[in-house]
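A look at the structure
Residues per chain are reported as follows:
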Amino acid sequence: ETFATIRGGAGTEFSDTATTIEVQLYNGSTTSNVWEVIDRAPVLFDTSALGANVVISAATLSLYGTAKENGASAQSVNIVKATPASNTALVAADYNIANWDMTQQATAITIASYSTTAYNDFALNATGIGNISTTGISKFGWAISADYTNTDPGNAGAVNNYATANSADQTGT
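Residues numbered from 1 in each chain as written. Predicted model: local features only at pLDDT ≥ 70, side-chain atom pairs only at ≥ 80, totals over all residues. Heavy atoms only, no water.

1. A word on the environment of Thr127
Within the secondary structure, Thr127 is located in helix α2 (residues 126-130). For Thr127, a relative accessible area of 41% gives the class partly exposed. It is 19 Å that separates the C-alpha atoms of Thr127 and Ile97, two residues lying 30 residues apart in sequence. Sequence-distant contacts of Thr127, defined by excluding residues within four places in its chain, comprise Thr103, Gln104 and Gln105. (Helix = DSSP H or I, 4+ residues; strand = E, 2+ residues; numbered from the N terminus. Buried < 20%, exposed > 50% of the residue type's maximum accessible area, 1.4 Å probe, protein only. Contact = heavy atoms within 4.5 Å.)

2. A word on the sheet that holds strand β4 (residues 60-70)
The antiparallel open sheet is built from five strands, whose spatial order is β2-β1-β10-β4-β8. Of all strands in the sheet, those bounded by a partner on one side alone are β2 (37-39) and β8 (119-123). Strand-to-strand, the axes of this sheet are offset by a mean angle of 30°, without reference to chain direction. For strand β1 (residues 20-27) and β2, the ladder comprises three bridges, and the chain directions are antiparallel. Along β2, the bridge assignment pairs Leu25 with Ile38. (Pairing = 2+ DSSP bridges. Axes fitted to C-alpha atoms, helices over the stretch in contact; angles between N-to-C directions.)

3. Some points on the nonpolar core
In a soluble, globular protein the nonpolar side chains are often hidden away together inside. Residues Leu63, Val77, Ile79, Phe122, Leu124 and Trp142 are the most contacted members of the largest nonpolar core, which totals 29 residues. For this core, the secondary-structure elements that each account for two or more residues are α1 (3-7), β1, β3 (41-46), β4, β5 (76-82), β9 (137-144) and β10 (159-166). With residues near it in sequence (within four places) discarded, Leu124 still touches Ala59, Thr60, Leu61, Ile79, Gln105, Ala106, Ile129, Ile132 and Phe140. Formed by six residues, the second largest nonpolar core is a distinct cluster that contains Val80, Ala82, Trp100 and Met102. (Core = buried A, V, L, I, M, F, W, Y, C linked by side-chain atoms within 4.5 Å.)

Here it is, written out as C-alpha cells:
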C-alpha cells in the first residue's frame, strides 16, 4: 500500500496480551514506495491514585527495550497520545488514525540510540505532562517518526525499522 493508505487504514491486527509492544515501519519487497506494516502501540496507565489535588511538574515515561532494527530510512520513536475505545481491551479499529493525536508528548529517541537492554526514558514535555490524568487513566501511545510526522520516508526497496519494549503482560513488570 502507499504510505498514506496504510497510515490511514482501519487496522487489521491487535494484541492486548502480548509480552512486548512494537512500533514499526516495514516494506519487505523490492518495490519502491510500497509499505506493508506501520505498527503503533497504545500505552495506558491507571494514574487515579495520584488524586485530584496533585500538581505534576515533571514526569518520565520509561519503556524497557527488547529489540530494534534501524533500517535504511533511519527513524526515531516517540510518545504521542492514543485514545483506544476501551481502557482495558484493544480492537483492530484502535489503529485508526482518528484515535491518535500525533502531537509529541516527549523528545524522540532515535532507533540508533534506543536501548534493547535497559529502560528508554521519555521525559514528558508540557503537553505530555498535561495529558496525565490524576483521577483516571493516562493515555499515551508509541509511534515511529514517519507515522507521527505523517512523512513518507520513501524507500528504494526492502526497509525495516522497528523497536520493541516489554508490555505490562511481561513477567516481572
